[in-house]
Structure formats: C-alpha cells, structure tokens
Amino acid sequence: MLLFSLPAFAQERDTSFKLTDYYLKNVEEKPYDIKLLDSVKNTKVALIPPEHFVYAEKIPGYIHPGTSASIQIKDIEGTSWTIIDKVMTKEHLESQGVEFIGREKVKLFSGLNGVIYTVSFESKGVKFERKMLFTGDYNYTIWLNANYPVSLKESVIKPLMNSLLSANIINN
C-alpha cells in the first residue's frame, strides 16, 4: 500500500565540481517544496538534498565535499520499516561498533511516520554522528543515513534533518 505517491521528479545532475566551490560554504536549509524533490536512481525514494551537496552514485546519495557530511540512501522492498524498528535496539546497534545516542519518532513533511536513531562512531580519528531514518509503508522501507563530523554538527544538522524529513516514496 502506498501512502502517498508522487510523479518522479528528475533534476539534471551536475556531477562536476571544484572542491573550492564547496569547501566551508555554509550549508543552508531549503524550504520544503515538492518541486525540489530529487528522485534517487534505482529507488522509489525522492528527497530534497541540502544545498551544496552533490549526487554521488557510488554511495548512493549525496555528499558535501567540504565537510564530509553525507546522506546515504537505501531502500528495502517487501519489508515494513516498523519491523526493522523493532530489531534496532541499543544492544543491536552497539554490537555493530557504534555508540547509541537516541531514538525519536518523527513525522515527515509528506505525512509519513518514521523513526530516527542517532549513533556515534569514529573513522580515521574523526568523531562522527549518524542519523538513521526509517520510514515507508507496509511493503517498502526507506532507510537514510546522514553522517557528519561532530565538530561540524552545528553547521550541518538542520539542513541534514530537513533533507531527511523531505524523503518520500515515488513511483518510478
């Protein structure tokens, strides 16, 4: 059952960039506007990426080259996000080598319900946090991971959260 479907909005992606164009530019939040939704290749997911984030097919998702902040997009066919939510315990997450920080229920801009888990981890000597959003319907799960260096949290958290909350299911 699809709770909300939208036509696929595909934006032209400019994958060429100069690092100096993105380095330490303020990451600004974009207001929610259905016309800004960017459909993610090979998924039923559309979202509004934060400003200055570039599409990275290998992730798949979006990355901000100047800060190493990223949004990774996964989708799971045939499984409800509520089932995944039941197994995402503090013990399960910490068995994966991360520190559990918290869990919160959220309502996305589209009206979908979801849950966000926050964990922290270290990579190459840099402390990161990850926001893991699970949402969708009874047969389809959107799983988004937003990663950011803790030292830059103040600069990137609001645009990342707005992007996560803009996610929606689309028909490809």
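Small disclaimer: the values here were computed from a predicted structure and weren't measured.

Focus: the overall build of the protein chain
Thinking step 1. When its secondary structure is counted, the protein chain shows 4 helices and 10 strands.
Thinking step 2. The N-to-C order of helical and strand elements in the protein chain reads α-β-β-β-β-β-α-α-β-β-β-β-α-β.
Thinking step 3. The proportion of buried residues among the 172 residues of the protein chain is 47%.
Thinking step 4. Within the protein chain, contacts between residues at least 6 apart in sequence are counted, and of these 55% link residues at least 24 apart.

Looking at the confidence of the model for the protein chain
Thinking step 1. Residue-level pLDDT values for the protein chain average 84, and 81% of them are 70 or greater.
Thinking step 2. Mean pLDDT across the elements of the protein chain bottoms out in helix H1 (residues 19-22) (38) and peaks in strand S8 (residues 126-136) (97).
Thinking step 3. Within the model, pLDDT remains below 50 along residues 1-26, and this stretch shows 55 contacts once partners closer than five positions in the same chain are excluded.

Focus on unusual backbone geometry
Thinking step 1. Residues isoleucine 59 and proline 60 are joined by a peptide bond in cis, for which omega reads -25°.
Thinking step 2. Topologically, proline 60 is positioned in the loop between strand S3 (54-56) and strand S4 (61-64).
Thinking step 3. The backbone of asparagine 42 sits at a positive phi, close to 65°, despite the residue not being glycine.
Thinking step 4. Mapped onto the fold, asparagine 42 is located in the loop between strand S1 (38-39) and strand S2 (45-47).
Thinking step 5. Classification of asparagine 42 as exposed rests on a relative accessible area of 67%.

Here is what the cut-offs are and how they apply
- Residues numbered from 1 in each chain as written.
- Predicted model: local features only at pLDDT ≥ 70, side-chain atom pairs only at ≥ 80, totals over all residues.
- Heavy atoms only, no water.
- Helix = DSSP H or I, 4+ residues; strand = E, 2+ residues; numbered from the N terminus.
- Buried < 20%, exposed > 50% of the residue type's maximum accessible area, 1.4 Å probe, protein only.
- Contact = heavy atoms within 4.5 Å.
- pLDDT = per-residue confidence, 0-100.

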